[in-house]
Amino acid sequence: PAALTVSTANLNRMYDGTTNATGAAPVVTGGTLFAGDTLAGGTFAFTNKNVGTGNKTVNVSGVTVSDGNAGANYTLTQAANTTSTITQAPLSLNAVTDSKTYNGNTNSSGVVSITGLVGGDTVTGLGQSFQSKNVLGANASTLQVNGGYTVNDGNTGGNYNVTTNTAAGTINPAALTVSTANLNRMYDGT
């Protein structure tokens, strides 16, 4: 039998929460596949789901050779590709519109919306706040996503390129009634 090594070409895909090696196909990386013979089938999978550039391994198995002799004309070696890439997926954390009456703090009751989360990944510790406690002034009514959140993706958040987006909000003036305490004084002609 002729020696033949097959693998897959480098794959470059975005993080999707799986080890799927979509687009992989068997290619000859050692030896010669002779005229009329073909490669078929194959199972391809990344060893893990996490992001990596030029260092991700795709395992190769189940490739067959159609040579008119049930593949017996070749000694087939199936080699992993170790130079593939999984890039970060975009993840947006979006503050949502909220309004409140001035209460001396920046708290918001709005719930941050999430766009781009895949698989069973989650984000915990999310919250939002007004950039200022004031009714008027710079950024007084702008809502922002608070820091301190955690992206739970099995890779300390490294599988995502996270962006945070602000939203417009409103802080209305608080009603305030003022008076004076009871006074007690002696008549002085005024």
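Novice: Quick question: what am I supposed to make of the overall build of the chain here?
Specialist: When helices and strands are tallied, the chain shows zero helices and 17 strands. Against the 2.2 N^0.38 benchmark of 16 Å for 190 residues, the chain shows a C-alpha radius of gyration of 31 Å, more extended than a compact globule. On the principal axes, the C-alpha backbone points of the chain span a range of 125 × 20 × 20 Å. Put simply, 65% of the contacts in the chain that link residues at least 6 apart link residues at least 24 apart. Of the accessible surface of the chain, which amounts to about 10,800 Å², a share of 51% is contributed by carbon and sulfur atoms. Separation of charge centres in the chain, based on 6 positive and 7 negative side chains, amounts to 19 Å.

Novice: Mind showing me how you'd approach the sheet that holds strand β8 (residues 89-94) here?
Specialist: Spatial strand order, β10-β8-β15: three strands in an open sheet with mixed pairing. Among the strands making up the open sheet, the edge pair consists of β10 (113-115) and β15 (160-165). Strand-to-strand twist of the sheet, defined as the mean angle between neighbouring strand axes without regard to direction, takes the value 20°. As defined by bridge partners, β8 adjoins β10 across three bridges and the pair is classed as antiparallel. What sits directly across from Ser-92, in β10, is Thr-115.

Novice: Explanation requested: the side chain of Ser-7 in the structure shown.
Specialist: Mapped onto the elements, Ser-7 comes out in strand β1 (residues 2-8). Looking at Ser-7, its side chain comes within polar contact range of the main-chain oxygen of Ala-79, at 2.8 Å. Ignoring anything within four residues of it in the chain, the contact list for Ser-7 reads Ala-25, Pro-26, Val-27, Thr-29, Phe-44, Val-60, Ala-79, Ala-80 and Asn-81.

Novice: Would you explain the sheet that holds strand β6 (residues 74-78) in this entry?
Specialist: Across the sheet, which stays open at both edges, the three strands sit in the order β3-β1-β6 with mixed pairing between neighbours. Two strands lie at the open edges of the sheet, namely β3 (26-31) and β6, each paired on one side alone. Recorded for the sheet is a direction-independent mean angle of 35° between the axes of neighbouring strands.

Novice: Hey, could you run me through the pattern of salt bridges in this one?
Specialist: Pairing of side chains with opposite charge becomes possible as their charged atoms draw close. In total, this model carries three salt bridges according to the counting rule given. Measuring nitrogen to oxygen at the nearest pair gives 3.5 Å for the salt bridge that ties Asp-121 to Lys-49. One end of the pair, Asp-121, is in the loop between β10 and β11 (122-124); the other, Lys-49, is in the loop between β4 (38-46) and β5 (52-66), with 72 residues separating them in the sequence. We classify Asp-121 as buried; its relative accessible area is 8%.

Novice: Please explain the environment of Ala-45 as it appears in this structure.
Specialist: Looking at where Ala-45 falls in the secondary structure, it is placed in strand β4. Residue classification places Ala-45 among the partly exposed positions, given a relative accessible area of 26%. Not counting residues within four places of it along the chain, the set of residues in contact with Ala-45 comprises Thr-19, Ala-21, Thr-57, Val-58 and Asn-59.

Novice: Please explain the packing of aromatic side chains as it appears in this structure.
Specialist: Ring pairs (aromatic) are described by centroid distance and by the angle formed between their planes. Inspection of every chain in the model, using the stated rule, returns two aromatic pairs. With centroids separated by 6.4 Å and ring planes inclined at 25°, the aromatic side chains of Phe-34 and Tyr-74 adopt a geometry described as stacked. Taken as a pair, Phe-34 in the loop between β3 and β4 and Tyr-74 in strand β6 lie far apart in primary sequence, 40 residues in all.

Novice: Hey, could you run me through unusual backbone geometry in this one?
Specialist: If a residue is not glycine, its phi is most likely negative; likewise, a peptide bond is most likely trans. Phi is positive for Ala-70, close to 55°, though the residue is something other than glycine. In this fold, Ala-70 is placed in the loop between β5 and β6. Backbone geometry places Thr-156, a non-glycine residue, at a positive phi of 45°. Relative to the elements of secondary structure, Thr-156 occurs in the loop between β14 (150-152) and β15.

Novice: What is the right way to read the nonpolar core from this model?
Specialist: Side chains of a nonpolar character, in soluble globular proteins, are inclined to be buried together. Ala-21 and Phe-44 are the most contacted members of the largest nonpolar core, which has 27 residues in total. Where this core is concerned, the elements lending two or more residues are β1, β4, β5, β8 and β13 (142-145). With four residues, the top contributor of residues to this core is β5. Aside from chain neighbours lying at most four places away, what touches Phe-44 is Ser-7, Thr-8, Ala-21, Ala-24, Ala-25, Pro-26, Val-58, Asn-59, Val-60 and Val-63.

Novice: What is the right way to look at the side chain of Ser-132 in this model?
Specialist: As for its placement among the helices and strands, Ser-132 is situated in the loop between β12 (128-130) and β13. What makes Ser-132 buried here is its relative accessible area of 13%. In terms of polar contacts, Ser-132 uses its side chain to reach the backbone amide nitrogen of Asn-134, at 3.1 Å.

About the criteria used
- The residue numbering used here restarts from 1 in each chain and proceeds along that chain's sequence as written.
- Per-residue local features of the predicted model are confined to residues with pLDDT of at least 70, and side-chain atom pairs are confined, for both listing and counting, to 80 or more; whole-chain, interface and lining totals are unaffected and use all residues.
- Side-chain calculation: all heavy atoms of the structure are included, whereas hydrogens and water are not.
- Note on conventions: DSSP H or I runs of at least 4 residues are helices, E runs of at least 2 residues are strands, and numbering of each starts at the N terminus.
- With C-alpha atoms as the basis for the radius of gyration, the globule rule is written as 2.2 Å multiplied by the number of residues raised to the power 0.38.
- Contacts between residues were defined by any pair of non-hydrogen atoms, one from each residue, lying within 4.5 Å.
- All accessible-area figures derive from a Shrake-Rupley calculation using a 1.4 Å probe, and residue coverage is judged against the displayed protein chains alone.
- Positive: Lys, Arg. Negative: Asp, Glu. His and the chain ends are not part of the count.
- Charge positions are represented by NZ for Lys, CZ for Arg, CG for Asp and CD for Glu.
- Two strands pair if DSSP finds at least two bridges between them.
- Note on definitions: angles span 0 to 180 degrees between N-to-C directions of axes, and those axes are lines fitted to C-alpha atoms, for helices only across the stretch in contact.
- N or O atoms within 3.5 Å of each other form a polar contact, as long as, within protein, one can give a hydrogen and the other can take it, and as long as residues adjacent in sequence are counted only when both atoms are side-chain atoms.
- Salt bridges are identified by distance alone: a Lys or Arg side-chain nitrogen within 4 Å of an Asp or Glu carboxyl oxygen.
- Any residue under 20% of the maximum accessible area for its type is buried, any over 50% is exposed, and the rest in between are partly exposed; the area is computed with a 1.4 Å probe on protein chains only.
- Here is the rule: rings of Phe, Tyr and Trp (six-membered ring for Trp) pair when centre to centre is within 6.5 Å. Planes less than 30 degrees apart are stacked, more than 60 are edge-to-face, and the remainder are tilted.
- Here, the term nonpolar core denotes a set of buried Ala, Val, Leu, Ile, Met, Phe, Trp, Tyr and Cys residues that are joined through side-chain atoms within 4.5 Å.

Take it as geometry only, folks, not as evidence of what the structure does.
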